[in-house]
Amino acid sequence: MADIFKKNIYLMVVLLGLSGCSSASTYSVRKPLDVDVLANLPEVLNESSGLAIINGHVWSHNDSGSRNQIYQLSSNFQTVTKTVTVQRSKNYDWEDLAQSKRYLYIGDTGNNSTRRDGGVIYKVPLTSLEKGSSVTPVSTIRYRFKDFKPGKTYQHNFDSEAITVVGDQLWLFSKNWQNEHTKLYRLSTTQSSQTVSPVGDYLTEGLITSADYNAKTSTLALLGYRKDIFLGYSFIWLVKVKNNQLDWSTSKYKRLRIYSQWEAVHWYKDNKLLITSEKNPLTKAMIATVDVSSLINASE
């Protein structure tokens, strides 16, 4: 989806190219992490917004207004090797993918205009993705925010673009346009209708676009960008999860060196994150890795 800051992307890129660029952020932006671009994504994924890795294959989808389909990528990420239509679903604003050992969760959670007070998550068996060109969700999880308040487009705290599986729960993170925090909501993976309240509020200094949890290292990755028109940049947070609680005291933050609208994140291999971006006026949609070894080692 074309967010409001894209109108100013040319000027931002010029400014971010200056080595002495500073920010109002209270967090250090020194020594940004390098982004290793692997490939330009195929045209059909110009608005890549979610990532999953299933049996070694990378899957993605587009966001609002696109087809209700998910796409499997080739090993070099440059072509689509399989397209699967998700029956009994609508891509109102698909924003992220999450996965457990048995299921893929497709998050129709975007809400830039606050036209809805919650969202929808489709639950699809992983095994069904291998069988044909269409799948039917085994259940549809509908949720509403108990703390919901209507607001103006891009000026509220009830958008959400990030979901991930932690234990037997779905964790959903809000994209707070108003205050650049994120709220954490916990959802049941088995209840078809639920009302959720935030269990945490965190100052992320930006808009969170994706999340992924690594159960092996108990580390949550959050991806986002600053909404500043002139000094915006993308960043990642790494945070430890302890006793099913997000321990923000362990949080590590770094901005990313290559600016783009990075929308999706997934733990990859060798302490790396796999990320994708949407197409913008300057670049095609991209897939890249970010080595976060320095942050992981610093937290040990």
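Use the structure listed above.
Below or above, wherever it landed, is the structure these notes cover. Just so it is clear, the structure is predicted and the values come from calculations on it, not from any experiment.

Structural notes on the side chain of D212
Assignment of secondary structure puts D212 in strand β16 (residues 207–214). It turns out D212 is buried and unbridged, and the closest side chain with the opposite charge, K216, is 12 Å from it. At a separation of 2.8 Å, a polar atom in the side chain of D212 contacts the main-chain amide nitrogen of W267. Non-local contacts of D212, meaning those with residues more than four positions away in its chain, are made with T164, T219, L220, A221, V265, H266 and W267.

Some words on the packing of aromatic side chains
Across all of its chains, the model carries 11 aromatic pairs by this definition. Aromatic side chains Y143 and F145 sit 5.5 Å apart centroid to centroid with 70 degrees between the ring planes, which places their arrangement in the edge-to-face category. Given the relative accessible area of 4%, Y143 is considered buried. What makes F145 buried here is its relative accessible area of 1%. Look at W237 and Y253: their rings are 4.8 Å apart centre to centre, the planes differ by 55 degrees, and that puts the pair in the tilted class. Of this pair, W237 sits in strand β18 (residues 234–242) while Y253 is found in strand β19 (residues 245–255), placing the two residues 16 residues apart along the sequence. Summarising the burial analysis for this pair, W237 and Y253 share the class buried. One aromatic cluster in this structure is built from Y143, F145, F148, F158 and Y185. One cation-aromatic arrangement involves K183 over F158; the distance from NZ or CZ to the ring centre is 3.9 Å. Sitting over the ring of Y233, R255 keeps its end group 5.6 Å from the ring centre.

Reading the values: rules and limits
The residue numbers shown here count from 1 along each chain, following its written sequence. Owing to the predicted nature of the model, reporting of local features is limited to residues with pLDDT of at least 70; listing and counting of side-chain atom pairs is limited to 80 or more, with chain, interface and lining totals taken over all residues. Water and hydrogen atoms play no part in the side-chain values, which are based on all heavy atoms of the structure. Starting at the N terminus, helices and strands are each numbered in turn, a helix being any DSSP run of H or I of at least four residues and a strand any DSSP run of E of at least two. Accessible area is worked out with a 1.4 Å probe on protein chains only. A residue is then buried under 20% of its type maximum, exposed over 50%, and partly exposed in between. Charged residues are defined here as Lys and Arg on the positive side and Asp and Glu on the negative side; His and the ends of the chain fall outside this count. Salt bridges are counted wherever a side-chain nitrogen of Lys or Arg sits within 4 Å of a carboxyl oxygen of Asp or Glu. Contacts described as polar in this section are N or O atom pairs within 3.5 Å, which, within protein, must combine one atom able to donate a hydrogen with one able to accept it, while residues neighboring in sequence count only if both atoms come from side chains. In this analysis, two residues are considered to be in contact whenever any of their non-hydrogen atoms come within 4.5 Å of each other. Pairing of aromatic rings covers Phe, Tyr and the six-membered ring of Trp, with a centre-to-centre limit of 6.5 Å; geometry is then stacked below 30 degrees between planes, edge-to-face above 60, and tilted otherwise. Two conditions define a charge sitting above a ring: the NZ of Lys or the CZ of Arg must be within 6 Å of the ring centre, and it must be within 35 degrees of the ring normal.

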